[in-house]
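Report on the structure
Residues per chain, in single letters:
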Amino acid sequence: MSTGDHTDVRQAVEDDVAELVRLRALLFETLGGDFFNPPSAGDDWRDALARVLEKKLTEDDARILVVDGDNGLAACGIGTVEQWFPGPHSHNGRVGHVIGMVTDPAYRRRGHGRAIMHGLLAWFRQRDVARVDLYASTDGAPLYRDLGFVDHPDPSLYWRP
């Protein structure tokens, strides 16, 4: 799919899995800290990620979009749709999530992230999601705000067993 800024975005294929793992590892290195990149993590998560990516490439609840670089992928982004329970704030309970948005440093500031987001947002609209959630890095927040994302009204908490 081609966008107005001449960035060609396409759906990921099985041959992209190694590059998707590389970019996701780059994302965690960039985010840093013990939450995203704990010292005890090892490399087992990369194999687990590759298996999940291979499976999600063919499932309807996920869309993985990429932009090609000269020697591998320049950027990627993942969208997922979950079925939650409907309520007054969510007419059908369908919630989209954007995860794993990352651009290789050599390809930043060229519109690749914006082009991927346009593709994901179109996909979410086709699936009639009630809202789309994402977590934004400091660098990514201006792009998402420009695309219409606003602060979530609920505070975010997490628990690890």
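First, a word on what this report is: a plain description of the structure on this page. Quick caveat: nothing in here was measured; it's all calculated off a predicted structure. (Residues numbered from 1 in each chain as written. Predicted model: local features only at pLDDT ≥ 70, side-chain atom pairs only at ≥ 80, totals over all residues. Heavy atoms only, no water.)

What follows deals with the sheet that holds strand β4 (residues 94–103). Backbone hydrogen bonds hold the strands of a sheet together, and the pairing may be parallel or antiparallel. Here five strands make up an open sheet; going across it, the order is β1-β2-β3-β4-β5 and the pairing mixed. Edge strands, defined here as strands with exactly one partner in the open sheet, are β1 (10–11) and β5 (131–134). Across the face of the sheet, helix α1 (residues 17–31) comes into contact with β2 (62–69), β3 (72–83) and β4 while running at roughly 85° to β4. (Pairing = 2+ DSSP bridges. Helix = DSSP H or I, 4+ residues; strand = E, 2+ residues; numbered from the N terminus. Contact = heavy atoms within 4.5 Å. Axes fitted to C-alpha atoms, helices over the stretch in contact; angles between N-to-C directions.)

Here we come to the environment of G72. Examined against the element boundaries, G72 turns out to sit in strand β3. Expressed as a C-alpha distance, the spacing of G72 and A18, which sit 54 residues apart in the sequence, is 9.4 Å.

Right, let's talk about the nonpolar core for a bit. Grouped burial of nonpolar side chains is what soluble globular proteins tend to show. With 21 residues, the main nonpolar core has V98, M101, I116, M117, L120 and F124 as its most contacted residues. If one sorts the elements of this core by residue count, helix α4 (residues 112–126) sits on top with seven residues. Here V98 is in contact with I78, M117, L120, F124, V132, D133 and L134, once residues within four sequence places are set aside. L20, L26, A50 and L73 belong to the second-largest nonpolar core, a separate cluster that totals 17 residues. (Core = buried A, V, L, I, M, F, W, Y, C linked by side-chain atoms within 4.5 Å. Buried < 20%, exposed > 50% of the residue type's maximum accessible area, 1.4 Å probe, protein only.)

Moving on, we get to the pairing of β4. In terms of burial, β4 is a largely internal element, eight of the 10 residues being buried. With eight bridges joining them, β3 and β4 adopt antiparallel strand pairing. Looking at the pairing, I78 lines up with I99 of β4. Handedness of the crossover joining β4 and β5 through α4 is recorded here as right-handed. (Right-handed = clockwise from strand over helix to strand, strands pointing away.)

Moving on, we get to the side chain of T80. Mapping T80 onto the fold places it in strand β3. According to the relative accessible area criterion, T80 is buried, its value standing at 19%. Ignoring anything within four residues of it in the chain, the contact list for T80 reads D61, A62, V95, G96, H97, I99, W123 and F124.

An ideal rise of 1.5 Å per residue puts 21 Å on 15 residues; α1 measures up with 21 Å between its terminal C-alpha atoms. Along α1, the residues classified as buried are V17, E19, L20, V21, L23, A25, L26, L27 and F28. (Expected span 1.5 Å × (residues − 1).)

What follows covers the environment of D61. Inspection of the secondary structure assignment puts D61 in the loop between α3 (44–56) and β2. You can call D61 partly exposed: its relative accessible area is 30%. The sequence separation of D61 and T80 amounts to 19 residues, and the corresponding C-alpha distance is 5.5 Å. Every residue in contact with D61, bar those within four places of it in the chain, is listed here: K56, G79, T80, V81 and W123. One polar contact links D61 to K56, side chain to side chain, over a distance of 2.9 Å. (Polar contact = N/O pair within 3.5 Å; in protein donor to acceptor, adjacent residues only side chain to side chain.)

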